[in-house]
Amino acid sequence: MEIFKADTVEQYNRFFGFETRHPLVGIVKFDGESHVPIHRMAFGIYALFLKNTRGCKINYGKTPYDFDSETVVSFAPGQTIDVRPSDDGTTPTSTGLLLHPDFLHRTSLEKKIRRYSFFSYASNEALHLSAEECKIIQDYMDKIARELQHPIDKFSKSLIISNIEVLLNYCMRFYERQFVTREEINSDILSRFESLLHDYLDNGMAIEYGVPTVRYFADKICLSPNYFGDLVKSETGKTAQEHIQLRMAEIAKGAILDPTLNTKRIAEMLGFQHPQHFIRFFKKQTGSTPREYRLQQLGSA
């Protein structure tokens with residue numbers, strides 16, 4: 001299937017037949033009557049859709065979206081999706097925000113956009129909304145649309161940016177709520193993470209594959225790194241990276257007190273290619289070098 005590039009708002013609008021009111025930002029509405037063609041689309045813009053009804057299937061890579069009606073799905077520059085009609089032949093009703101990165105230049109949102117990690121979530125991690133939450137998201141979509149209908153003046157950009165930021169903040173709030181309401185599932189994910197982390201460090205995998213990464217465990221659990229990281233932070237108060245480093249530090253503390261192991265060997269056990277990298281890591285975690293830590297522990301024995 002040929003990949004259609006949506007590098008600009010105009011390109012996206014032209015593909016679906018929407019009017020372009022602004023070259024860098026837009027609101028589009030699928031009314032449930034227009035047929036959505038089968039296509040593969042590579043995004044060069046940010047896109048966030050409030051999907052009110054069923055009506056299409058979306059794949060991100062080989063992963064299908066876990067979504068139905070009343071969900072928010074989002075894409076970032078560099079992502080590619082496949083869209084196909086639903087099996088029952090219905091077409092979707094949805095409202096979408098299109099945002100070119102250039103529109104963010106010299107605005108308060110330019111650096112903040114990286115905080116909205118749901119743009120990087122894998123496609124099967126859609127935001128599932130209540131009816132009230134849908135109304136809130138739709139309201140801000142409508143406010144942006146009305147502003148785009150207004151003749152451009154010196155207030156236009158700041159008003160549009162303000163409404164986009166509030167909309168994204170609500171999405172972040174609702175994702176946090178989703179983490180809470182899926183507490184049982186999240187607990188299972190944390191247990192699997194702990195088990196995988198122990199296996200990785202206790203069974204010599206670090207020697208072969210290197211220092212454990214958040215991406216490795218996210219892949220094993222079939223989540224995107226950003227969603228996995230947010231889930232762990234929401235449930236425990238610590239990032240996934242912090243959990244990994246704490247476990248590595250605990251293993252290192254025990255190994256340092258083993259007279260049969262030298263610094264080079266301990267570094268290899270934890271996946272470090274060079275002992276000096278391990279020494280820097282250990283001092284950052286404990287405040288002491290491995291040698292200082294060993295002397296301290298022996299002195300207090």
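Residues numbered from 1 in each chain as written. Predicted model: local features only at pLDDT ≥ 70, side-chain atom pairs only at ≥ 80, totals over all residues. Heavy atoms only, no water.

Let's talk about the pairing of strand S7 (residues 71-75)
Right, on to step 1. Across the five residues that make up S7, a large majority, five, are buried.
Right, on to step 2. Burial along S7 is two-sided: the residues Thr71, Val73 and Phe75 and Val72 and Ser74 are all buried.
Right, on to step 3. Relative to strand S10 (residues 127-128), S7 is paired through two bridges, and the arrangement is antiparallel. Residue pairing for S10: Thr71 is matched across the bridge by His128. (Buried < 20%, exposed > 50% of the residue type's maximum accessible area, 1.4 Å probe, protein only. Helix = DSSP H or I, 4+ residues; strand = E, 2+ residues; numbered from the N terminus. Pairing = 2+ DSSP bridges.)

Things to note about the side chain of Ser288
Right, on to step 1. Assignment of secondary structure puts Ser288 in the loop between helix H11 (275-286) and helix H12 (290-300).
Right, on to step 2. Separated by 3.3 Å, the side chains of Ser288 and Gln296 make a polar contact.
Right, on to step 3. For Ser288, the contacting residues outside a window of four places in its chain are Phe282, Lys283, Tyr293 and Gln296. (Polar contact = N/O pair within 3.5 Å; in protein donor to acceptor, adjacent residues only side chain to side chain. Contact = heavy atoms within 4.5 Å.)

A few points about helix H5 (residues 183-202)
Since one α-helical turn is 3.6 residues long, residues separated by three or four positions face the same way.
Right, on to step 1. Between the first and last C-alpha of H5 there are 28 Å, a value that for 20 residues agrees with the 28 Å anticipated at 1.5 Å per step.
Right, on to step 2. Among the residues of H5, Asn186, Ile189, Leu190, Phe193, Leu197, Tyr200 and Leu201 are the ones counted as buried. Along the axis of H5, the buried positions cluster into a sector of 100°, meaning they face one direction only. Across H5 from its buried face, at more than 90 degrees, point the exposed residues Glu184 and Ile185.
Right, on to step 3. Gly204 lies just past H5 and shows a positive phi near 80°. (Expected span 1.5 Å × (residues − 1). Arc of directions from axis to C-beta.)

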